[in-house]
Amino acid sequence: MEKRRLGQTDMVVTRIGLGTIPIIKESKWRAVRIIHKALDLGINFIDTARAYEDSEEKIGEVMKTRRSECFLASKSHFRTASETTEALETSLRNLQTDYLDLYMLHDISAQDRWDLVFAPNGAFEAVKKAQQQGKIRYIGVSGHNVPMLMDLARMGEFSVILTCYNFMTLEPEYELIPLAQSKGVGVLVMKPNVGGVAFRLIRPGKDGQEPQPSDIKPRDTLRFVLSNPGVDCALVGPKRVGEMVENYRFANRFEPMDETERQKFIESGQSLFPKMPLCQDCGYCEPCPAGIPIAKLMVLYQNLCRLFFEWPRSRKEYHKLQPDVAACTDCGACEERCPQKLNIRERLRNAKKRLDHPV
Ligand code: SF4
Ligand code: SF4
């Protein structure tokens, strides 16, 4: 597979890397098989985060024998120096390694987070110190706020940025990715396939015809992202070994889209959901203090809006998700954390209204 130098680092990475949010939900046995398969295929970049529950431990199971075969990245969502130092030590222990190739400040998407991490005794001090100690080789930053990521890329302190970019989330391609390229900052992309939701939507029927399931294919979503010459590596998050192999095949033999193809593909995506900003199943809105499984409910509701023929199944699913939306205390914490700025509380209330009926 084609490889790219990640910005001005010495990391020459495959065009796809392994993203590991989805393995949180998988058994250890299945997760370990996926990671081994990625390495067997020659994929040489693995990304995780302290916030991805047990994903680090699952990766650690493989790293104890195959550490030298990949570049390994993790992130800290903590904002103070002491918490970040502790998080890094935990990550190193979980990952069964004594250094990380890349360590990122996780989700710097709001001014208050920026202020905290760069304040005296903030997270940035801790990562600089860890770099001097040889525990991390390069420092990066991830976020969903494109203007803020541009400011972070301009600072000259970060070797790599991690941004959300796909055929439905185009903002990074206008200025952020070219800026990063011009500054020698490596570009990693999360959610190249829109968190998988693009494949579960419907295409509205024309002239009174029945709506049709989405005709968007994973190979096209990945091809779209990799066609951008400023993208060094797109993180794919397979839930099965077969998906890992599929992604590898797409990336291994992809041909870049020309501008006409790109525009056609963007238009085709836009017509899938003309009015509804999309939940990307990232889970940043959680944990909910009332324990509500927000992301699962958001995706369920979204699918309901798009896939009306799934109503009976959606109702069954809704009743399995506990606690019920009625437990919501209206605190608003989920909406503050949602990078897509979705009106979560309203959607959850609508989900309840439409789904909380006997099956
Ligand atoms: S507003 Fe409701 S759903 Fe959102 S975090 Fe608060 S309790 Fe949970
Ligand atoms: S509601 Fe927002 S934060 Fe929660 S999963 Fe969806 S996009 Fe992510």
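Up top is the structure these notes are about.
Given the structure is predicted, the values throughout are model-derived calculations rather than measurements.

**A look at the sheet that holds strand β3 (residues 16–19)**
Read around the closed barrel, the eight strands follow the order β3-β4-β5-β6-β7-β8-β9-β12; overall the barrel is parallel. Averaged over all neighbouring strand pairs, the angle between strand axes comes to 30 degrees, with direction disregarded.

**Structural notes on the packing of aromatic side chains**
One pass over the full model with this rule turns up eight aromatic pairs. Their ring planes at 40 degrees and their centres at 6.0 Å tell us that F224 and F265 sit as a pair that is tilted. One end of the pair, F224, is in helix α9 (residues 218–226); the other, F265, is in helix α11 (residues 259–270), with 41 residues separating them in the sequence. The pair F224 / F265 is uniform in exposure class, with both members buried. Clustering of aromatic rings is evident, with ring pairs tying together W114, F118, F124 and F158. Cation over ring: R67 sits above Y99, and NZ or CZ is 4.2 Å from the ring centre.

**Here's the deal with the pattern of salt bridges**
Throughout the structure, instances matching the rule amount to 28 salt bridges. Residues R4 and E2 are paired through a salt bridge, measuring 3.2 Å at the closest nitrogen-oxygen approach. Relative accessible area serves as the criterion here: at 39%, E2 is assigned to the partly exposed category. The closest approach of N and O atoms between R349 and D330, which form a salt bridge, is 4.0 Å. Remark: D330 occurs in the loop between α13 (311–320) and α14 (333–337) and R349 occurs in helix α15 (residues 344–355); sequence separation between them is 19 residues. R349 gets classed as partly exposed once you look at its relative accessible area, which sits at 47%. Residue class for D330 comes out partly exposed when judged on its relative accessible area of 45%. Taken together, the shared-partner salt bridges in this structure form one network comprising E2, R4, R15 and D232.

**Re α9**
For α9, the full list of buried residues reads T221, L222, R223, F224, V225 and L226. At its buried positions, α9 is contacted by β3, α7 (171–174), β9 (186–190), β12 (233–236), α10 (241–252) and α11.

**Things to note about the environment of S214**
Inspection of the secondary structure assignment puts S214 in the loop between β11 (212–213) and α9. With 84 residues separating them along the chain, S214 and M298 place their C-alpha atoms 19 Å apart.

**Considerations on the site of ligand 1**
Within the structure, ligand 1 sits among C288, P289, I294, C328, T329, D330, C331, G332, C334, R345 and L348. Here the residues of the shell around ligand 1 sort into seven nonpolar, two polar and two charged.

**Details of a positive patch on the surface**
A surface patch of positive charge is lined by K217, R219, R249 and R253. The topology assignment puts R253 in the loop between α10 and α11. Classification of R253 as exposed rests on a relative accessible area of 60%.

**Focus: the pairing of β9**
By the criterion of burial, β9 is predominantly enclosed, with five of the five residues buried. Neither face of β9 is left uncovered, since the one carrying G186, L188 and M190 and the one carrying V187 and V189 both have all their residues buried. As judged from the five bridges shared by strand β8 (residues 160–164) and β9, these two strands associate in the parallel manner. Bridge pairing in β9 links V160 to G186. Looking at chain direction, β9 and β12 are connected through two bridges and run parallel. Within β12, the residue paired with L188 across the bridge is C233.

**Let's talk about the pairing of strand β6 (residues 100–105)**
For β6, the tally of buried residues reaches six of six residues, placing the bulk of the element in the interior. Here four bridges tie strand β5 (residues 71–76) to β6, and the two strands are oriented parallel to one another. Across the sheet, residue K75 finds its bridge partner in β6, namely M104. The parallel pair β5 and β6, bridged by helix α3 (residues 81–94), forms a crossover whose chirality is right-handed. As paired strands, β6 and strand β7 (residues 136–143) are joined by five bridges and run parallel to one another. For L102, the partnering residue across the bridge sits in β7 and is Y138.

**A few points about the nonpolar core**
Among the nonpolar cores identified, the biggest contains 74 residues, and I46, L105, I161 and F224 are the most heavily contacted of them. Aside from chain neighbours lying at most four places away, what touches I46 is L18, T20, I35, L39, I59, M63, C70, F71, L72 and A73. In terms of nonpolar packing, the next biggest core, distinct from the first, is built from 21 residues, I292, V325, C334 and L355 among them.

Calculation rules
- Residues numbered from 1 in each chain as written.
- Chains lettered and ligands numbered in written order.
- Predicted model: local features only at pLDDT ≥ 70, side-chain atom pairs only at ≥ 80, totals over all residues.
- Heavy atoms only, no water.
- Pairing = 2+ DSSP bridges.
- Helix = DSSP H or I, 4+ residues; strand = E, 2+ residues; numbered from the N terminus.
- Axes fitted to C-alpha atoms, helices over the stretch in contact; angles between N-to-C directions.
- Phe/Tyr/Trp six-rings, centres within 6.5 Å; stacked < 30°, edge-to-face > 60°.
- Buried < 20%, exposed > 50% of the residue type's maximum accessible area, 1.4 Å probe, protein only.
- Lys NZ or Arg CZ within 6 Å of the ring centre and 35° of its normal.
- Salt bridge = Lys/Arg side-chain N within 4 Å of Asp/Glu carboxyl O.
- Contact = heavy atoms within 4.5 Å.
- Near = heavy atom within 4 Å.
- Nonpolar A, V, L, I, M, F, W, Y, C, P; charged D, E, K, R; others polar.
- Patch = residues over 30% accessible without salt bridge, like charges linked within 9 Å, V, L, I, M, F, W, Y side chains within 5 Å.
- Areas by Shrake-Rupley, 256 points an atom, 1.4 Å probe, with all protein chains shown as cover.
- Lys, Arg positive; Asp, Glu negative; His and termini not counted.
- Charge placed at Lys NZ, Arg CZ, Asp CG, Glu CD.
- Right-handed = clockwise from strand over helix to strand, strands pointing away.
- Core = buried A, V, L, I, M, F, W, Y, C linked by side-chain atoms within 4.5 Å.

Scope: geometric values only; no functional claims are made or implied.
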